[in-house]
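Report on the structure
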Amino acid sequence: MATVLSTSIDVCFNPQYSDTKKHSLFSKPSSLRQSRTRKLTISCSSTKQPKTLEEEPITKTPSLSEQLKPLSATTLRQEQQTHVLSKPKSVWVNPTRPKRSVLSLQRQKRSAYSYNPQIKDLRAFAQKLNSSGFAEKSEFLALLDEIPHPPSRDNALLVLNSLREWQKTHIFFDWVKAKNLFPMETIFYNVTMKSLRFGRQFQLIEAMAVEMVEDGVELDNITYSTIITCAKRCNLYDKAIEWFERMYKTGLMPDEVTYSAILDVYSKSGKVEEVLSLYERAVATGWKPDAIAFSVLGKMFGEAGDYDGIRYVLQEMKSMDVKPNVVVYNTLLEAMGRAGKPGLARSLFNEMLESGLAPNEKTLTALVKIYGKARWAKDALQLWEEMKAKKWPMDFILYNTLLNMCADIGLEEEAERLFDDMKESGGCKPDSFSYTAMLNIYGSGGKAEKAMKLFEEMLEAGVQVNVMGCTCLVQCLGKAKRIDDLVSVFETSVQRGVKPDDRLCGCLLSVMALCESSEDAEKVMGCLRRANEKLVAFVKLVIDEKTEFETVKEEFKLVINGTQVEARRPFCNCLIDICRGKKQQERAHELLYLGTLFGLYPGLHNKTVKEWSLDVRSLSVGAAETALEEWMRTLANIVRRREDLPEVFLAQTGTGTHRFSQGLANSFASHLEQLAAPFKPSDRAGVFVATKEDLVSWLESKFPPLVASQA
DNA sequence: ATAGGGTTAG
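Residues numbered from 1 in each chain as written. Chains lettered and ligands numbered in written order. Predicted model: local features only at pLDDT ≥ 70, side-chain atom pairs only at ≥ 80, totals over all residues. Heavy atoms only, no water.

With an unreviewed UniProt entry as reference, chain A is termed (rape) hypothetical protein, source organism Brassica napus. Listed under Sequence similarities (unreviewed entry) in UniProt, the entry text for chain A is "Belongs to the PPR family. P subfamily." (UniProt positions renumbered as here; feature names shortened; annotations may be inferred.)

Rendered as structure tokens:
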């Protein structure tokens with residue numbers, strides 16, 4: 001744990017505090033660090049697919065408890081330590097050894113504003129400068145000479161403050177400085193730097209800071225916080241930290257504004273440990289963080305989806321008696337969403353209303369998004385009614401988020417009303433994403449006719465088609481077997497600049513699997529060829545019975561390696577479906593094997609002592625059937641070898657809340673029936689159960705023992 | 001945008 005304390009503050013001027021590391025380990029957030037580490041490791045080992053394929057041992061998927069074992073060991077050890085050495089609190093308040101503070105508890109004072117009698121003339125002059133074009137620097141300089149009053153300190157400051165574009169501010173600063181009528185004070189640099197920050201001109205800002213040092217002009221907290229936030233906005237985090245450390249070196253203590261700016265820098269650059277260390281250290285020396293600091297912490301935990309962290313922020317605010325404002329609530333709501341806690345987001349929102357705060361567009365956007373993703377139709381609709389009844393503010397992003405929510409939940413009529421509202425609202429004309437959301441809704445609802453109409457409307461309105469809209473339409477038209485329309489939509493989209501991605505290719509591939517005539521399949525393959533020639537070549541290779549398995553394996557690896565992670569499993573699913581459509585069952589089994597080998601189907605098989613299960617929820621119809629058959633073959637072998645079997649067997653298809661898995665349960669059920677397999681629908685929807693007894697007798701009849709050894 | 005810090009979709 002390399003903390004910022006040892007790299008910046010202590011090294012700079014506080015070497016006697018080498019014990020700070022210990023303190024930060026034992027104080028409050030240490031439990032947070034552990035829980036965060038724990039969560040991260042679980043997700044890494046169980047759900048993330050590798051970017052590059054390596055063969056995975058199929059039978060050795062470690063159970064969750066196995067995965068957790070090393071972690072629980074380390075966690076336990078740390079917790080023990082915390083108990084053994086749980087007295088450092090008294091050290092914190094030991095008066096004989098007060099902590100050296102890391103920030104000034106007083107904010108920097110601003111100089112008082114003094115009235116300028118020439119304000120009217122100078123404002124008008126600045127307006128003129130603002131509205132002037134910017135073809136030539138010399139032209140602008142000529143305009144400056146028309147200043148109605150001499151550029152005294154106060155006059156120059158007023159104009160400097162009124163200029164908009166950073167180029168103009170910068171030239172004006174240099175012009176005033178060159179006149180040498182008065183010494184340039186810090187405030188002139190600060191105002192100019194702020195303007196440069198709008199233009200993200202970090203290099204110029206840094207040059208000005210260097211100039212200040214050379215000219216002996218004092219850099220104050222405002223200067224530093226402007227430099228730091230500009231570096232942050234330019235993603236130059238190292239630069240931000242460099243200037244922060246420089247403050248201490250020159251003996252200037254940051255105040256809370258600079259301090260929370262640097263907290264945000266560490267947070268945005270992913271240095272969570274450092275943020276917590278700095279936070280703790282400042283609180284330990286008497287800082288009472290304000291809402292902005294808590295918003296920074298909340299955002300950081302939200303980005304990590306860290307629920308414990310979010311709770312910690314809420315607890316800290318409560319214990320320090322800091323009332324959350326709208327921004328803090330917005331940040332925490334968003335964070336709750338990322339942490340997958342829709343219920344807690346809802347209570348937090350209610351708490352916000354009870355505290356008398358009014359939600360703004362961002363609050364509502366966060367909440368609508370959460371309800372949509374959670375498919376909480378009732379809450380989403382109730383919220384929408386409330387929004388309309390209370391006339392809460394709407395903006396463009398909120399409209400589009402509402403449309404996406406409708407797509408997530410499948411609310412077609414409501415979406416149509418929103419879409420019309422949007423057209424009438426004047427300020428929020430539907431854009432590419434609004435249309436895409438509507439295409440998504442019509443597409444997943446199988447409304448091919450409406451989707452086509454909307455596509456035409458979109459083209460007429462001159463709204464840019466994007467790849468997702470194209471994908472939704474292709475999928476919808478494919479299901480409706482309107483292959484000619486599909487081809488025309490694809491061509492039009494490509495003409496209009498859509499770059500097909502792997503998802504669109506996966507979609508075309510799934511349509512190919514659905515095609516009944518080879519004529520249609522050829523048409524779709526034509527589209528696919530324009531998007532991904534290698535994939536088409538691979539399809540042809542796979543469906544050619546003469547191709548050797550080893551060749552398929554090598555090419556599979558190449559194709560899947562070149563595919564975006566989220567499209568790999570769909571590709572494999574579709575390829576299996578295509579093979580089954582061509583009655584090439586063995587090839588389908590080979591592909592399922594390869595998909596499993598390369599980790600595309602984690603968690604397909606699950607075993608406990610009492611029950612074994614097959615989870616086909618993320619498989620296509622053909623892949624699920626193949627997986628079932630494969631499982632039965634394996635079980636038949638186990639029966640022949642008279643090895644132990646559990647009492648219960650489960651096959652899980654899910655209920656198809658996701659639009660791509662619609663119908664999986666039904667087709668899986670009829671496949672079971674066709675095989676006369678003893679799996680029966682259970683109380684839980686989308687779950688099929690068989691007892692050991694029934695399954696064994698069925699397997700014995702289906703796979704006779706005499707041919708066993710070669711099966 | 002009137003010298004400095006925090007929040008919004010795909």
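1. Quick word on the protein's contact with DNA strand B
Near DNA strand B there are 51 residues, and of these K194, S260, K299, N330 and F433 occur at the shortest range. Near the protein, meaning within 4 Å, the atoms of DNA strand B are sugar or phosphate in a fraction of 38%, with bases accounting for the rest. The contact in question runs from a base nitrogen of DNA strand B to an N or O atom on the side chain of R110, over 3.1 Å. One of the side-chain N or O atoms of D431 is found 3.4 Å from a base nitrogen in DNA strand B. Residue assignment for the surface near DNA strand B shows that the elements contributing at least two residues are α8 (153-162), α10 (186-198), α12 (221-233), α14 (256-268), α16 (291-303), α18 (326-338), α20 (361-373) and α22 (396-409). Broken down by element, the surface near DNA strand B gets its largest block of residues, seven residues, from α12. The residue makeup of the surface near DNA strand B, split by class, is 13 nonpolar, 18 polar and 20 charged. (Near = heavy atom within 4 Å. Polar contact = N/O pair within 3.5 Å; in protein donor to acceptor, adjacent residues only side chain to side chain. Helix = DSSP H or I, 4+ residues; strand = E, 2+ residues; numbered from the N terminus. Nonpolar A, V, L, I, M, F, W, Y, C, P; charged D, E, K, R; others polar.)

2. Observations concerning the packing of helix α6 (residues 119-131) against helix α7 (residues 137-144)
In the contact formed by α6 and α7, the axes pass within 11 Å of each other and the chain directions differ by 170°. The orientation of α6 relative to α7 falls into the category roughly antiparallel. Listed contacts from α7 to F125, K128 and L129 of α6 are F140, L143 and L144. Residue classes in the contact of α6 with α7 are distributed as five nonpolar, no polar and one charged. (Axes fitted to C-alpha atoms, helices over the stretch in contact; angles between N-to-C directions. Parallel < 35°, antiparallel > 145°, perpendicular 65-115°, else oblique. Contact = heavy atoms within 4.5 Å.)

3. Here we look at the UniProt feature "repeat: PPR" (unreviewed entry) in chain A
UniProt's feature table lists "repeat: PPR" (unreviewed entry) at residues 220-254, 255-289, 290-324, 325-359, 360-394, 395-429, 431-465 and 466-500, given in the numbering used throughout. In this annotation, residues 290-324 is assigned 74% helix and 0% strand; the end-to-end C-alpha distance for the span is 9 Å. The distance from the first to the last C-alpha atom of residues 395-429 is 10 Å, and the span holds 80% helix and 0% strand.

4. Comments concerning the sheet that holds strand β5 (residues 687-691)
In spatial order, the strands read β1-β2-β3-β5-β4; together these five strands make up an open sheet with mixed pairing. Whereas interior strands pair on both sides, the edge strands pair on one side only; in this sheet they are β1 (605-607) and β4 (680-681). Summarising the sheet, β4 and β5 pair through two bridges and their orientation is antiparallel. Each bridged residue has a counterpart across the sheet, and for P681 the counterpart in β5 is F688. Against the sheet, helix α36 (residues 692-702) makes contact with β3 (648-652) and β5, and its axis sits at roughly 80° relative to β5, the strand it touches most. (Pairing = 2+ DSSP bridges.)

5. Observations regarding the nonpolar core
Ranked by size, the top nonpolar core spans 204 residues in total, and within it Y259, L509, L635 and F679 carry the most contacts. Element by element, the count of residues in this core is highest for helix α34 (residues 621-640), at 10 residues. (Core = buried A, V, L, I, M, F, W, Y, C linked by side-chain atoms within 4.5 Å. Buried < 20%, exposed > 50% of the residue type's maximum accessible area, 1.4 Å probe, protein only.)

6. Some remarks on the pairing of strand β2 (residues 611-615)
Taken across its five residues, β2 has four buried, putting it largely inside the fold. Pairing of β1 with β2, which is carried by three bridges, proceeds in the antiparallel orientation. Its bridge partner lying in β2, N606 is registered against S613. The hairpin turn running from β1 into β2, its antiparallel successor, is three residues long. Judged from the five bridges that link them, β2 and β3 form a sheet pairing that is parallel. Bridge pairing in β3 links E611 to V648. After leaving β2, the chain enters α34 and then returns to the sheet as β3, a path that is right-handed. (Right-handed = clockwise from strand over helix to strand, strands pointing away.)

7. What about the environment of P289?
Mapped onto the fold, P289 is located in the loop between α15 (272-284) and α16. By relative accessible area, P289 is classed as buried at 1%. Note: C-alpha distance between P289 and E256 (33 residues apart in sequence) is 7.8 Å. Ignoring sequence-local partners within four residues, the contact set of P289 consists of Y279, V283, F294, M320 and V322.

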